[in-house]
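# Tertiary structure, described
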Amino acid sequence: MTGRRAKLTRIGLNVTDLARAQAYYCAALGFTTSEEEEPDPAWVRLLAGEGARARIVKLRLGGQVLELMAFDPPGAGYPPDSTAADLWFQHFAIATHDMTAAYRRLAQYGATPITHGGPQRLPPGAGSVGAFKFRDPDGHPLELIHFPPGSGDPAWQCASPDPTLGIDHSALSVADAERSLAFYDRLGLDLRSRQINSGPEQDRLDGLCAVSVAVIGLSPAGAPTPHVELLCYHQPRGRRADPSFPASAIADSRLILQVGDLTGLVEVLAAGGATVSPMVALAAGTRAALVRDPDGHAIVLLEDPQDAEA
């Protein structure tokens, strides 16, 4: 299929205060500042339309990049009482080789817990991982995740002076698993795993009652991380996002994928019923387009530089 070389190159978050967010991610979670930049006007226009203004800083943890973006003025915050089942929910999971140390450091800098009762150890059917979900100062949901020996990316088994190692995945809540699988297959992400998580540990992890959630892993091209997970909650059912949700809203996180044959992929997505923005030319000499998945999650498609040179 056209555009099969999809790679998750970074994750983008909207924040209200760039300096505060940068300081938090570096101190509480071990990120380092990779790059502060004047944003490409075409990039800002692609995300939020004509006249939008923003500042950007890129952070790095291990081999993964996080892009923080502060619009001027900032968009509205998360809807009240947001939960993991709501369809605007999108978190990313930070791998740690020492959950106790990572959790202790996080507590020093403040975090709003989603998980009840501290880090949870999920049962073998859910991978026996240790996990803790929380929110940053802007309300973005995040997760610390610890993999037992022999599971996950081998990179997450490496001890290091810092307890956090990198970004393992980004997870998005979806209403219809099959519909979303068809969409992400067109993007070039392949099904890698599928399971149903439930039970008291999952309830405590999500801060919800009687959870039954399909956890669907999707593989990008190349390395196994960072990858994408779809979370389809059968119980409880979440709320849908307001269709007028602006791109500057704090909850409007985005996946940034590098793809082969951007033109062909845009045609495939449009033929499948997706609404795709016009392609824009970026200062770096490549092109980009914005598409939203069936539940409204934003995905930026970046042209592979090799295709731009062809």
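The notes below deal with the structure included here. For clarity, every value in this text was computed on a predicted model and none was experimentally measured.

The rules behind these values
- Residues numbered from 1 in each chain as written.
- Predicted model: local features only at pLDDT ≥ 70, side-chain atom pairs only at ≥ 80, totals over all residues.
- Heavy atoms only, no water.
- Helix = DSSP H or I, 4+ residues; strand = E, 2+ residues; numbered from the N terminus.
- Rg over C-alpha atoms; globule rule 2.2 N^0.38 Å.
- Contact = heavy atoms within 4.5 Å.
- Areas by Shrake-Rupley, 256 points an atom, 1.4 Å probe, with all protein chains shown as cover.
- Lys, Arg positive; Asp, Glu negative; His and termini not counted.
- Charge placed at Lys NZ, Arg CZ, Asp CG, Glu CD.
- 1 Å grid on protein atoms, 1.4 Å probe; cavity = no way out; pocket = protein on both sides within 12 Å on 5 of 7 lines; lining within 4 Å.
- Points joined across faces, edges and corners; volume = space filled by probe spheres on them.
- Salt bridge = Lys/Arg side-chain N within 4 Å of Asp/Glu carboxyl O.
- Pairing = 2+ DSSP bridges.
- Axes fitted to C-alpha atoms, helices over the stretch in contact; angles between N-to-C directions.
- Nonpolar A, V, L, I, M, F, W, Y, C, P; charged D, E, K, R; others polar.
- Phe/Tyr/Trp six-rings, centres within 6.5 Å; stacked < 30°, edge-to-face > 60°.
- Buried < 20%, exposed > 50% of the residue type's maximum accessible area, 1.4 Å probe, protein only.
- Lys NZ or Arg CZ within 6 Å of the ring centre and 35° of its normal.

## Observations regarding the overall build of the protein chain
Across its full length, the protein chain holds seven helices and 17 strands. Against the globule reference of 19 Å for 310 residues, the protein chain gives a C-alpha radius of gyration of 18 Å, in line with a compact fold. Its C-alpha atoms put the protein chain at 50 × 40 × 40 Å along the principal axes. In the protein chain, the proportion of contacts linking residues at least 24 apart, taken out of those at least 6 apart, comes to 69%. Here the protein chain has roughly 12,700 Å² of accessible surface; of this, 52% comes from carbon and sulfur atoms. Each charge sign in the protein chain was given a centre, from 26 positive and 36 negative side chains, and these centres are 2 Å apart.

## Points about the layout of surface pockets
To find the voids left in a structure, one rolls a probe of water-molecule size over its atoms. For the largest pocket, the calculated volume is near 540 Å³. Around the largest pocket sit 30 residues that line it, and Ile145, Phe147, Gln195, Val215 and Glu229 are the ones nearest its centre. Looking at the lining of the largest pocket, the elements with two or more residues in it are strand 9 (141-146), strand 10 (164-173), strand 11 (190-198), helix 5 (200-206), strand 12 (212-219) and strand 13 (227-235). Forming the boundary of the second largest pocket are 18 residues, of which Arg10, Lys58, Leu282, Ala284 and Leu302 lie nearest the centre.

## Quick look at the pattern of salt bridges
For the structure on display, the rule yields 12 salt bridges. Among the ionic pairs, Arg53 bridges to Asp72, the shortest N-O distance being 3.4 Å. Linking Arg53 in the loop between helix 2 (41-48) and strand 3 (54-61) with Asp72 in the loop between strand 4 (64-71) and strand 5 (90-96), this pair joins segments that are 19 residues apart in sequence.

## Focus on the sheet that holds strand 15 (residues 280-281)
As summarised here, the arrangement of the eight strands in space is 2-3-4-1-14-17-16-15, forming an open sheet in which the pairing is mixed. Since the sheet does not close on itself, it has two edges, and those belong to strand 2 (32-37) and strand 15, each with one partner. The strands that helix 1 (residues 18-29) touches are strand 1 (7-14), strand 2, strand 3 and strand 4; relative to strand 3, the one it contacts most, it runs at about 5 degrees. Of the strands in this sheet, strand 1, strand 3, strand 4, strand 14 (254-259), strand 15, strand 16 (287-292) and strand 17 (298-303) are in contact with helix 2, which crosses strand 4 at around 75 degrees.

## A word on the packing of helix 1 against helix 3 (residues 99-109)
Think of two packed helices as two axes; the pair is described by the angle between the axes and how far apart they sit. Orientation of helix 1 relative to helix 3, taken along the N-to-C sense of each, is 145 degrees, at an axis distance of 8 Å. Counted together, Tyr24, Ala27, Ala28 and Leu29 of helix 1 and Arg105, Leu106 and Tyr109 of helix 3 form the full contact between these two elements. Classifying every residue of the contact of helix 1 with helix 3 gives six nonpolar, no polar and one charged.

## Regarding the packing of aromatic side chains
Where two aromatic rings form a pair, the distance of their centres and the angle of their planes describe that pair. What the rule picks out here adds up to six aromatic pairs. With centroids separated by 5.8 Å and ring planes inclined at 85 degrees, the aromatic side chains of Tyr24 and Tyr25 adopt a geometry described as edge-to-face. The exposure classification of Tyr24 matches that of Tyr25, with both residues buried. Between the aromatic rings of Tyr103 and Phe132, the centroid separation amounts to 4.9 Å while the plane-to-plane angle is 75 degrees, which identifies the pairing as edge-to-face. Of this pair, Tyr103 sits in helix 3 while Phe132 sits in strand 8 (residues 130-135), and the two are 29 residues apart along the sequence. Judged by relative accessible area, Phe132 falls into the buried class, the value being 4%. Grouping aromatic residues by their ring pairs yields a cluster made of Tyr24, Tyr25, Phe31 and Phe92. Taking the ring centre of Tyr78 as reference, the NZ or CZ of Arg135 above it sits at 5.5 Å.

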